[in-house]
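# Coordinate inspection notes
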Amino acid sequence: MRYSALFGKTIKDAPKDEVSKNSKLLTRSGFIRREVSGVYNFLPLGLKVLKKIADIVREEMNAIGGQELSLTALQNKESWQKTGRWKTFRALMKAKTQLETEYPLGPTHEEVIVPLVKQFVSSYKDLPLYLYQIQTKFRDEKRAKSGLLRGREFLMKDLYSFHAQEKDFNKFYEIMKKTYKKVFERLGLDALETLAGGGTFSQFSHEYQVITDAGEDEIIYCPKGDFSANAEVSPVKEGEACRLGHGPLKKSKAIEVGNIFPLGTKFSDAFGLTYKNKEGKDIPVIMGCYGIGISRVMGAIAEVHNDAKGIIWPKEVAPHDVYLIGITNNESRIKERTDEAYDSLKKAGLDVLYDDREDAAPGAKFADADLIGIPIRLVVSKRNEGKIEFKERKSAKSELLGLEEIIKKFKA
Ligand code: ATP
Ligand code: MG
């Protein structure tokens, strides 16, 4: 991609109504633009990141037998009345047609998926089932000043599991814990598995919390990471000794990037979702739900991986592999060399953002490279003779390498 043709450019200062670090950074670097409070457009660079996050999550959900589907955003009011959540769901948005018919705008999808699954499940042979989607959710959040961390419209992965027996559910819950650990590692996030309350239908749940001052939750955790609990339910207090001998427990603000939740038979009971066991007896299906805030993850990454110059994307979610700069000073020879490098890198399968601007000063290109935060910056210039300057975004050091050596580095 040539920067000159890219839709969505960097800007010096974020608009005044962006107050969170993530939205300031992501807006300045040309990834997102606010539509209304808590609602964002994703520009090409931003959409690339969002898709990479979604793809990692998708890959890991498929790996454990998840089947992807897509459920409606406009939902059935009657279903929400059946579960009682039409009145009680904290942030339910309600859309009204011209004939005054009301629709819940999906903040979550138990009310859709359970009646749907009921159409297909009748016997123990139909279970277990793991169904998920990556889909836009709506919530009437009171405070929507945290950029992508708290949207009124946002992207979520939600998986729902359906089991014949508690034992089977428990096994899957543990598989999910391992899978979430892997997902967040791949996303470049240090997410602590945190004990949390279970609300009205379970004793407990688990949240995946990333420590940051931008977070709205508080967690009590062991400095070595052996224990973490949401402060709301923590059985131990800040300052108490960590039982594993890792010094006093700490308290920090954190953002919940995902959670996993036993649902028991709460929704199965509401909709009469049962299966026939071997003896032909009707038994309620046991459920779990498992969420990851895809767009919140993007905000959380920007929130924790940055420096004074801009974002520092982890490799797996970066919008491009390489940011290529030519310091041409109107010399056609250097421009040719940079063009050649661009073609060779592309041929080698790398996704390059080529800053081909003729009218931008070298300093401006370097500043944009840092702000956009692609993991590797390559510079072709007169000074570097036959070589190319190779620099990682996260490091201050650079080295001079031949094009072949650079390509080899990526393949390694
Ligand atoms: P929170 O406590 O942050 O309000 P929640 O407990 O209501 O979130 P869930 O209903 O479990 O969240 O949703 C699953 C995941 O979706 C959360 O772990 C979070 O990552 C993400 N999420 C929830 N609300 C929002 C939002 N308003 N904007 C962006 N992501 C969200
Ligand atoms: Mg929560």
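For the structure, check the block above.
Keep in mind it's a predicted model, so treat the numbers as computed, not measured.

### Describing the site of ligand 1
Near ligand 1 there are 15 residues, and of these R139, E141, G151, E256 and R296 occur at the shortest range. One of the side-chain N or O atoms of R150 is found 3.0 Å from an oxygen atom in ligand 1. Backbone polar atom of G151 to a nitrogen atom of ligand 1: 2.8 Å apart, as the coordinates give it. Its free accessible area being 590 Å², ligand 1 has 84% of it covered by the protein chains. Contributing elements (two or more residues each) for the shell around ligand 1: β7 (153–163) and β12 (250–264). Per-element accounting of the shell around ligand 1 gives the leading share, four residues, to β12.

### Observations concerning the pairing of strand β21 (residues 388–392)
With four of five residues buried, β21 lies mostly within the body of the structure. Note: strand β20 (residues 376–381) against β21, four bridges, orientation antiparallel. Within β21, the residue paired with I376 across the bridge is E392. Two successive antiparallel strands, β20 and β21, enclose a turn made up of six residues, where E385 displays a positive phi of approximately 50°. Of the pairings in the sheet, the one linking β21 to strand β22 (residues 398–401) comprises four bridges and is antiparallel in character. Its bridge partner lying in β22, E389 is registered against L400.

Cut-offs used in this document
- Residues numbered from 1 in each chain as written.
- Chains lettered and ligands numbered in written order.
- Predicted model: local features only at pLDDT ≥ 70, side-chain atom pairs only at ≥ 80, totals over all residues.
- Heavy atoms only, no water.
- Near = heavy atom within 4 Å.
- Polar contact = N/O pair within 3.5 Å; in protein donor to acceptor, adjacent residues only side chain to side chain.
- Areas by Shrake-Rupley, 256 points an atom, 1.4 Å probe, with all protein chains shown as cover.
- Helix = DSSP H or I, 4+ residues; strand = E, 2+ residues; numbered from the N terminus.
- Buried < 20%, exposed > 50% of the residue type's maximum accessible area, 1.4 Å probe, protein only.
- Pairing = 2+ DSSP bridges.

These values are about where atoms sit, not about what they do.
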